[in-house]
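# What the coordinates show
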Amino acid sequence: MSIYRQDFQVLSSDVDMSQRLRLSALFTRLQEAAIAHTIELGVTRDKTLDQGLLWAVTQYRVKFHRMPAYDETVTLLSWPGKTMHLYFPRYFRLVDTRGRVLLDAASLWVLIDNKTRGIVFPEEHDIYIKEVVTGNELPLPGRLRKSAADTVSDFLVPYSCVDLNGHMNNARYYDLAVDRMPDTLRCRALSSLTAEHIGEAQLGDVVTVGCTATENAFTIYGEKDKPVFRIEFQFGG
C-alpha cells in the first residue's frame, strides 16, 4: 500500500497570531505532498510540467479536530483515490506524535493544458494512478452554492499570489478569506471547511469578493465574469 508520509515541524513562519498553523501554510503542505507523492508513483515532471500539463486542485473538504501549534512536530499522510474520468481524488490525514488525528481532508485534482487552460483526459497522456483504500477516507467534497453577501469588495491579484501555473495559488485564497473574517470567528476553533476552485484568477485580475458571517459560519466567494472560488467555514467552540 503506497501512502506518502512526511514529518515536519511547525515553524514560526507557518503560524498566525494564535501560534497555530496558518491555513495557507496547511494547504501549501497538502499541495506539495500531493505533487511529491504523484511523482513517487511514476507521474513525473517529464510527463506533466515538461509536456505543458499542470496539476490543479478543484475541491477540498477538511474536518478539523485540532490545528497544530508552533514548534510541534506532526506527520502528514496522503494517498490517492480511484481516478474518476477527469478527476484524481486524493486524501490526507495529519496526526501528532501520539498518533492522534488532527485533521482529515479529501480533495479532487485535474490536469490542465497550460496553453488552452482546459482540463485534459489523463489517459490521452498515458497518466494513470492506482488507488489506495485505507478506510479513513473522508467523503469527497460536493458543490457549493453562491451565498448572498453581506459585504462586497474588489481584490487585485498581486504578483506574490501567482504560482507556476500562472494563476493565484489555491493556498492564497485562505489568506484572503482570513483577512476578511470577523475577529469573533478568527479566534474560534475551525471544525470544517469546504472549498471549490471553479476558475482562475491571474496576475492583475480584479476579483469581486463577497463575504457573509453568521454566529458559527463564514462564507466567501470570488468572481470575475465567471465564478473563481467559493469557501465555506464552520466553527466549533
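First things first, this report covers the structure right here in the doc. Predicted, not measured: the structure shown is a model, and the values here were computed from it.

## Considering the pattern of salt bridges
Going through the model one piece at a time under the given rule, you end up with 12 salt bridges. Here D96 ties to R66 by a salt bridge, and the two come within 3.8 Å at their closest N and O atoms. With D96 in the loop between β4 (88-95) and β5 (101-113) and R66 in the loop between β2 (53-64) and β3 (73-80), this residue pair connects regions lying 30 residues apart in the sequence. The salt bridge involving R143 is made with E196; its shortest N-O contact spans 2.1 Å. Pair noted here: R143 is in the loop between β5 and β6 (151-156) and E196 is in strand β7 (residues 190-197), with a separation of 53 residues, a long-range link.

## Things to note about the packing of aromatic side chains
As enumerated under the stated definition, the model contains six aromatic pairs in all. Here W79 and Y91 contribute two aromatic rings whose centre-to-centre distance is 6.1 Å and whose plane-to-plane angle is 25°, an arrangement assigned as stacked. One end of the pair, W79, is in strand β3; the other, Y91, is in strand β4, with 12 residues separating them in the sequence. Side by side, W79 and Y91 carry an identical accessibility label, which is buried. Ring centres 4.5 Å apart and planes at 40° place the aromatic pair Y173 and F229 in the tilted group. Residue Y173 is found in helix α2 (residues 172-180), and its partner F229 is found in strand β10 (residues 227-235); the two are separated by 56 residues along the sequence. Judged on exposure class, the residue Y173 and its partner F229 are both buried. Put simply, the rings of F27, Y60 and Y174 pair up and form one aromatic cluster. Sitting above the plane of the F8 ring, R29 keeps its charged end 3.9 Å from the centroid.

## Quick look at the state of the cysteines
Counted by the stated rule, this structure contains zero disulfides. Distance from the sulfur of C187, which forms no disulfide, to the nearest cysteine sulfur (C211) is 17 Å. For the unlinked cysteine C211, the closest cysteine sulfur is that of C161, found at 15 Å.

## Let's talk about the environment of E200
Of note, E200 is situated in the loop between β7 and β8 (206-213). On a C-alpha basis, the gap between E200 and F235 in space is 28 Å, while along the polypeptide they are 35 residues apart. Beyond its immediate sequence surroundings of up to four residues, E200 is in contact with I112, R117, H167, D205, K224 and V228. Among the polar contacts listed, one links the side chain of E200 to the side chain of R117, at a separation of 2.5 Å. A distance of 2.6 Å separates the side chain of E200 from the side chain of H167, its partner in a polar contact.

## Some remarks on the packing of helix α1 (residues 23-40) against α2
It is at 8 Å that the axes of α1 and α2 come closest, and there the two elements cross at 165°. Taken together, the axes of α1 and α2 are roughly antiparallel relative to one another. In the packing of α1 onto α2, the handedness of the crossing is right-handed. Within the contact between the two elements, α1 uses L23, S24 and F27 and α2 uses Y174, D175 and V178. Classifying every residue of the contact of α1 with α2 by side-chain character gives four nonpolar, one polar and one charged.

## Side note on α2
All buried positions along α2 are accounted for by Y173, Y174, L176 and A177. Seen end-on, α2 carries its buried residues on one side only, within an arc spanning 155°.

## Structural notes on the environment of G142
Following the sequence through the fold, G142 ends up in the loop between β5 and β6. You can call G142 partly exposed: its relative accessible area is 32%. As a C-alpha pair, G142 and L77 span 65 residues in sequence and 22 Å in three-dimensional space. Ignoring anything within four residues of it in the chain, the contact list for G142 reads Q59, R61 and T194.

Each value, and the rule that gives it
- Residues numbered from 1 in each chain as written.
- Predicted model: local features only at pLDDT ≥ 70, side-chain atom pairs only at ≥ 80, totals over all residues.
- Heavy atoms only, no water.
- Salt bridge = Lys/Arg side-chain N within 4 Å of Asp/Glu carboxyl O.
- Helix = DSSP H or I, 4+ residues; strand = E, 2+ residues; numbered from the N terminus.
- Phe/Tyr/Trp six-rings, centres within 6.5 Å; stacked < 30°, edge-to-face > 60°.
- Buried < 20%, exposed > 50% of the residue type's maximum accessible area, 1.4 Å probe, protein only.
- Lys NZ or Arg CZ within 6 Å of the ring centre and 35° of its normal.
- Disulfide = S-S within 2.5 Å.
- Contact = heavy atoms within 4.5 Å.
- Polar contact = N/O pair within 3.5 Å; in protein donor to acceptor, adjacent residues only side chain to side chain.
- Axes fitted to C-alpha atoms, helices over the stretch in contact; angles between N-to-C directions.
- Parallel < 35°, antiparallel > 145°, perpendicular 65-115°, else oblique.
- Left-handed = near helix turned anticlockwise from the far one by under 90°.
- Nonpolar A, V, L, I, M, F, W, Y, C, P; charged D, E, K, R; others polar.
- Arc of directions from axis to C-beta.

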